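Each chain, letter by letter, is given below.
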Amino acid sequence: MDLIIYLNGRFVPEKEAVISVFDHGLLYGDGVFEGIRAYHNRVFRLEQHLERLYESAKSIMLEIPLPVEEMQGIVLETLRRNRLRDAYIRLVVTRGRGDLGLDPRKCPAPTVFCITSSIQLYPEELYEKGLEVVTVPTPRNYNEAVNPRIKSLNYLNNILAKIEANLAGTMEAIMLNPQGYVAEATGDNIFMIKSGVLLTPPRYANILDGVTRNTVLELARKRGMEVREELFTRHDLYNAEQVFLTGTAAELIPVIKIDGRIIGSGRPERAFFELLQDFRELTRTEGPVIFPEGKAGETDVQ
Ligand code: PXG
């Protein structure tokens with residue numbers, strides 16, 4: 001079945017959802033995006049994702065041509081037109097069509113599109129067994145260059161790290177910041193537990209301010225765990241009791257080996273599973289409803 005895509009004010013079949021080769025999103029990675037998830041007929045933390053989208057756009061002086069309320073409506077309507085209640089949502093705003101030079105002033109109208117599709121998940125057994133990862137040579141971008149807080153279309157920094165992980169034969173890379181402190185994975189934030197305390201790098205540590213990260217911090221505090229946002233090194237990671245990654249696609253996924261060092265007992269433990277369970281419960285009750293009662297979509301994807 002053809003997907004229905006929102007593109008610049010219209011809902012069109014995938015084949016008609018085409019953009020110019022002069023679009024600066026394509027020519028220069030000049031644009032911003034969000035990866036969002038719908039669970040059980042609700043869009044999880046949509047408000048936070050949209051806030052981050054508009055803040056990323058503001059930072060690169062890209063004026064999104066519609067108010068945030070309208071953008072929220074577009075996300076919900078794209079899901080409805082695709083009859084999706086569980087989905088991955090990709091919302092993208094580019095600088096739009098320009099000429100072959102860099103100058104964004106030559107791009108009069110941003111391009112806006114929204115794709116909704118079924119989600120590709122990590123295999124469930126990885127949530128039981130955990131991932132093996134490596135730290136990689138490519139550091140996360142300087143905050144002063146392209147701030148990683150901006151969720152921009154230019155992901156080459158992370159893609160280089162992903163290539164390094166692939167070469168090492170692992171599924172994910174842990175990136176350090178330019179000072180050598182642990183920053184994040186290529187598309188996920190990182191947490192560790194040491195002496196029962198939950199630690200994650202602070203927002204200034206060259207990371208994306210992850211929606212899942214912030215949710216996990218809230219859930220851990222609610223459980224009465226001590227939580228700290230502070231810098232730590234690879235040495236700290238190697239000697240942690242538990243390490244896990246967080247992101248919209250992965251949710252919470254355990255890490256059991258880093259650079260050949262086994263983490264803790266080598267298996268995810270109770271504290272991790274409790275947080276994962278809390279997170280999955282929250283996804284049932286949070287966010288705007290897609291199909292109002294009685295009009296539920298016919299095709300559940302999961
Ligand atoms: N850090 C980076 C660099 C990210 O791209 C996260 C952390 C987690 O943020 P959220 O808000 O999702 O908890 C992301 C997430 C992928 C993929 O294929 C992931 C992201 C974007 C594009 C693709 O895993 N972003």
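Rules and cut-offs
Residues numbered from 1 in each chain as written. Predicted model: local features only at pLDDT ≥ 70, side-chain atom pairs only at ≥ 80, totals over all residues. Heavy atoms only, no water. Pairing = 2+ DSSP bridges. Helix = DSSP H or I, 4+ residues; strand = E, 2+ residues; numbered from the N terminus. Contact = heavy atoms within 4.5 Å. Axes fitted to C-alpha atoms, helices over the stretch in contact; angles between N-to-C directions. Buried < 20%, exposed > 50% of the residue type's maximum accessible area, 1.4 Å probe, protein only. 1 Å grid on protein atoms, 1.4 Å probe; cavity = no way out; pocket = protein on both sides within 12 Å on 5 of 7 lines; lining within 4 Å. Points joined across faces, edges and corners; volume = space filled by probe spheres on them. Nonpolar A, V, L, I, M, F, W, Y, C, P; charged D, E, K, R; others polar. Domains from an automatic or database assignment. Salt bridge = Lys/Arg side-chain N within 4 Å of Asp/Glu carboxyl O. Core = buried A, V, L, I, M, F, W, Y, C linked by side-chain atoms within 4.5 Å. Near = heavy atom within 4 Å. Polar contact = N/O pair within 3.5 Å; in protein donor to acceptor, adjacent residues only side chain to side chain. Areas by Shrake-Rupley, 256 points an atom, 1.4 Å probe, with all protein chains shown as cover. Sits in = over half its atoms within 2 Å of the grid points.

Student: What's the story with the sheet that holds strand E3 (residues 31-39) in this structure? I'm lost.
Tutor: Strand pairing in a sheet relies on backbone hydrogen bonds, with the paired strands running either antiparallel or parallel. Sheet architecture is open: six strands sit in the order E2-E1-E6-E5-E3-E4, paired in antiparallel fashion. The two strands at the open ends of the sheet, each matched to only one other strand, are strand E2 (10-13) and strand E4 (42-43). As paired strands, strand E5 (residues 87-94) and strand E6 (residues 111-117) are joined by seven bridges and run antiparallel to one another. Counted as the bridge partner of Val92 is Phe113 from E6. The strands touched by helix H2 (residues 46-59) are E3, E4 and E5; relative to E3, the strand with the most contacts, the crossing angle is about 175°.

Student: Please clarify how the environment of Glu124 should be interpreted in this entry.
Tutor: Residue placement: Glu124 occurs in helix H4 (residues 124-129). Accessibility expressed as a relative area gives 46% for Glu124, which makes it partly exposed. The sequence separation of Glu124 and Ile253 amounts to 129 residues, and the corresponding C-alpha distance is 9.8 Å.

Student: What exactly am I supposed to notice about the pairing of E2 here?
Tutor: Successive side chains on a regular strand alternate, one facing one side of the sheet and the next facing the other. Here four bridges tie strand E1 (residues 4-7) to E2, and the two strands are oriented antiparallel to one another. The residue bridging Ile4 from the neighbouring strand is Pro13, located in E2. Here E1 folds back onto E2 in antiparallel fashion, the turn holding two residues, of which Asn8 has a positive phi close to 45°.

Student: Is there a simple way to explain empty space enclosed by the protein in this structure?
Tutor: The method is simple in principle: a probe with the dimensions of a water molecule rolls over the atoms, and the space it marks as empty is what remains. This structure, assessed with the given rule, holds three cavities of 30 Å³ or more. Every residue along the wall of the largest cavity is listed here: Arg140, Asn141, Val146, Asn147, Pro148, Ile150, Ser152, Asn154, Tyr155, Asn158 and Leu208. Put simply, the second largest cavity is a space of about 50 Å³. Arg37, Tyr39, Phe44, His49, Val211, Thr212, Thr248 and Phe279 together form the lining of the second largest cavity. For the lining of the second largest cavity, the secondary structure elements donating two or more residues are E3 and helix H6 (211-222). In the lining of the second largest cavity, the residues fall into four nonpolar, three polar and one charged.

Student: Which parts of the structure should I look at to understand the layout of surface pockets?
Tutor: Of the volumes computed, that of the largest pocket is approximately 760 Å³. Contributing to the lining of the largest pocket are 35 residues, with Tyr88, Arg90, Gly187, Asp188 and Ala249 lying nearest its centre. Residue assignment for the lining of the largest pocket shows that the elements contributing at least two residues are E3, H2, E5, helix H5 (156-167), strand E9 (182-185), H6 and strand E13 (242-247). Taken together, the residues of the lining of the largest pocket break down into 12 nonpolar, 14 polar and nine charged. Both domain 1 (4-117) and domain 2 (126-282) contribute no fewer than three residues apiece to the lining of the largest pocket. In this structure, the second largest pocket spans a volume of roughly 290 Å³.

Student: Would you explain the pattern of salt bridges in this entry?
Tutor: Where side chains of opposite charge bring their charged atoms close, a pairing between them can arise. In the structure shown here, the tally under the stated rule is 25 salt bridges. Here Arg280 and Glu251 are joined by a salt bridge, their closest N and O atoms 2.8 Å apart. Residue Arg280 is found in helix H8 (residues 270-282), and its partner Glu251 is found in strand E14 (residues 251-258); the two are separated by 29 residues along the sequence. Assessed through its relative accessible area of 28%, Arg280 is described here as partly exposed.

Student: Explanation requested: the nonpolar core in the structure shown.
Tutor: One broad rule of soluble globular proteins: the nonpolar side chains tend to lie buried together. Residues Leu198, Leu237, Val243 and Phe244 are the most contacted members of the largest nonpolar core, which totals 42 residues. Per-element accounting of this core gives the leading share, five residues, to H8.

Student: Looking at this structure, I do not really get the site of the ligand. What am I missing?
Tutor: Neighbouring the ligand are 19 residues, the closest being Lys151, Tyr155, Glu184, Thr212 and Thr248. Between Glu184 and the ligand, the recorded distance is 2.6 Å, taken from a side-chain N or O atom to a nitrogen atom. One nitrogen or oxygen atom from the side chain of Thr212 is found 2.6 Å from an oxygen atom belonging to the ligand. Out of a free accessible area of 550 Å², the ligand has 82% covered by protein chains. Judged by its atoms lying within 2 Å of the grid points, the ligand is housed in the largest pocket. Where the shell around the ligand is concerned, the elements lending two or more residues are H6 and E13. For the shell around the ligand, the domains that each give at least three residues are domain 1 (4-117) and domain 2 (126-282).

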